[in-house]
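# A closer look at the structure
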Amino acid sequence: MAQKETNGSNGEHISTRPPPTPSPLRFSKFFQANLRILVTGGAGFIGSHLVDKLMENEKHEVIVADNLFTGSKDNLKKWIGHPRFEFIRHDVTQPLLVEVDQIYHLACPASPIFYKHNPVKTIKTNVIGTLNMLGLAKRVGARILLTSTSEVYGDPLEHPQTEAYWGNVNPIGVRSCYDEGKRVAETLMFDYHRQHGIEIRIARIFNTYGPRMNIDDGRVVSNFIAQAVRGEPLTVQRPGTQTRSFCYVADMVDGLIKLMNGNNTGPINLGNPGEFTMLELAENVKELINPDVTVTMTENTPDDPRQRKPDITKAKEVLGWEPKIVLKDGLVLMEDDFRERLAVPKKTKA
Ligand SMILES: NC(=O)c1ccc[n+]([C@@H]2O[C@H](COP(=O)([O-])OP(=O)(O)OC[C@H]3O[C@@H](n4cnc5c(N)ncnc54)[C@H](O)[C@@H]3O)[C@@H](O)[C@H]2O)c1
Ligand SMILES: O=c1ccn([C@@H]2O[C@H](COP(=O)(O)OP(=O)(O)O[C@H]3OC[C@@H](O)[C@H](O)[C@H]3O)[C@@H](O)[C@H]2O)c(=O)[nH]1
């Protein structure tokens, strides 16, 4: 088949090579025309919630590829053995060949503690892992979505951050394996799109929280909730005036699915524009979960961004998406899950 010449959603010139012909079975009278979806990192926090949502549709077959570095099969236990679900223990730094129509590429540790644990592995996961998944997308003609991050904006000099902002990232710092890794992953996505006509989608996700985060994940919301439930001091890292915008995971999953199935390549910011200092977050957690806990100031880590707030105008316009769950409601939903896993029931009022 001939090359097709088109313009992408960002106005770029694209030369599209059609994907290889699928198996003849795909056109057989009795073939069930299911959408085959690969979720890399599907055993992790956001990935497992995404799998839950995708599995609700009876036309979807879902394959998870995950090396279980920060994820767990426990997050997927309700789907193990389901006829439309498969789990593959696989490291995305190695090639993978599966016949799929869509790839949600999430595989990568997200908590700073975990991505800094083995920085060389983190950058390999972002660069080689994304190359492998793009190679797969090219080979089987699948559409691929990358979960990039607000960390591509580094310590931002523009506030709030729009997608047009190129960022302020330290290329040699301890966070660079993740920040720069994701920036290269975005570059690879666009190069495969322009050069090979691969259908791409890029989400820039801002700090997302919710049930199923690892208790010892190390990110601020899970730390504060676990501390409040255990009755331990809330550890605010200095200066405490740094800000973040927190998005509840169900909102994030809706945004990712809309992005995958829409027409825009992105990058698109997905996040909740509500902005809080870490001291304000601690006060909220204390008030909602355990008024008896104290707040203690602790050392911060290098290159911690001072402010973060997404401008989500583009997501509203092109996806019709905006988050619905405000922080106070989301924290309470998360508390129930943490209490159950930590086996600390809520005190009943006398
Ligand atoms: N949660 C957030 O606040 C946030 C913000 C921005 C971007 N993101 C991105 O969203 C994605 C999911 O984040 P999360 O919060 O669910 O994190 P998570 O750590 O819970 O999930 C990551 C998953 O990827 C798997 N994984 C890691 N390295 C792998 C490898 N080499 N091969 C195969 N699997 C591998 C882990 O085992 C885990 O199941 C990540 O790409 C992350 O960068 C998350
Ligand atoms: O116990 C803690 C942990 C963290 N913090 C502070 O809380 C803020 C947020 O830290 P988090 O570890 O939750 O993560 P960050 O917002 O820096 O990055 C997060 O959002 C972008 C994603 O790409 C990353 O994967 C995700 O971890 C930081 O300023 C940190 O110093 C505390 O005050 N106390």
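Residues numbered from 1 in each chain as written. Chains lettered and ligands numbered in written order. Predicted model: local features only at pLDDT ≥ 70, side-chain atom pairs only at ≥ 80, totals over all residues. Heavy atoms only, no water.

### Some details on the overall build of the chain
- The number of helices and strands found in the chain is nine helices and 15 strands.
- Against the compact-globule benchmark of 20 Å for 350 residues, the chain has a radius of gyration of 21 Å, which places it among compact chains.
- For the chain, the spread of C-alpha atoms along the principal axes amounts to about 70 × 45 × 40 Å.
- Burial status across the chain gives 53% buried among its 350 residues.
- Residue pairs in contact within the chain that sit at least 24 positions apart in sequence constitute 80% of those at least 6 positions apart.
- For the chain, the accessible surface area stands at approximately 16,400 Å², while carbon and sulfur atoms represent 53% of it.
- Side chains of the chain carry 43 positive and 42 negative charges; the gap between the two charge centres is 4 Å. (Helix = DSSP H or I, 4+ residues; strand = E, 2+ residues; numbered from the N terminus. Rg over C-alpha atoms; globule rule 2.2 N^0.38 Å. Buried < 20%, exposed > 50% of the residue type's maximum accessible area, 1.4 Å probe, protein only. Contact = heavy atoms within 4.5 Å. Areas by Shrake-Rupley, 256 points an atom, 1.4 Å probe, with all protein chains shown as cover. Lys, Arg positive; Asp, Glu negative; His and termini not counted. Charge placed at Lys NZ, Arg CZ, Asp CG, Glu CD.)

### Describing the UniProt feature "domain: NAD(P)-binding" (unreviewed entry) in the chain
- Within the UniProt annotation, "domain: NAD(P)-binding" (unreviewed entry) is assigned to residues 38-331.
- Taken end to end, residues 38-331 is 37% helix and 18% strand, and its first and last C-alpha atoms sit 30 Å apart. (UniProt positions renumbered as here; feature names shortened; annotations may be inferred.)

### Topic: the pairing of strand β6 (residues 102-105)
- Judged by which residues are buried, β6 turns out to be covered on both faces: Q102 and Y104 on one side and I103 and H105 on the other are all buried.
- As paired elements, strand β3 (residues 35-40) and β6 share four bridges and run parallel to each other. Considered in β6, the bridge of L38 is made with I103.
- Two elements, β6 and strand β7 (residues 143-149), share four bridges in a ladder whose sense is parallel. Residue pairing for β7: I103 is matched across the bridge by I144. (Pairing = 2+ DSSP bridges.)

### Observations regarding the site of ligand 1
- The environment of ligand 1 is made up of 29 residues, and the closest members are D66, T70, L106, Y178 and R219.
- With respect to ligand 1, the side chain of D91 contributes an N or O atom lying 3.0 Å from a nitrogen atom.
- Here V92 contributes a backbone N or O atom positioned 3.0 Å from a nitrogen atom of ligand 1.
- In isolation ligand 1 exposes 810 Å². Once the protein is present, 97% of that is buried. (Near = heavy atom within 4 Å. Polar contact = N/O pair within 3.5 Å; in protein donor to acceptor, adjacent residues only side chain to side chain.)

### Thoughts on the site of ligand 2
- Near ligand 2 lie 22 residues; those nearest to it are A110, T149, Q237, R244 and D304.
- V220 is positioned with one of its backbone polar atoms (N or O) 2.9 Å from an oxygen atom of ligand 2.
- In this structure, N223 approaches ligand 2 through a side-chain N or O atom, which is 2.8 Å from an oxygen atom.
- The protein chains hide 96% of the 660 Å² of surface that ligand 2 would expose on its own.
- Mapped onto the shell around ligand 2, the elements with two or more residues apiece are α5 (220-230) and β10 (234-237).
- Within the shell around ligand 2, the residues separate by chemical class into seven nonpolar, nine polar and six charged. (Nonpolar A, V, L, I, M, F, W, Y, C, P; charged D, E, K, R; others polar.)

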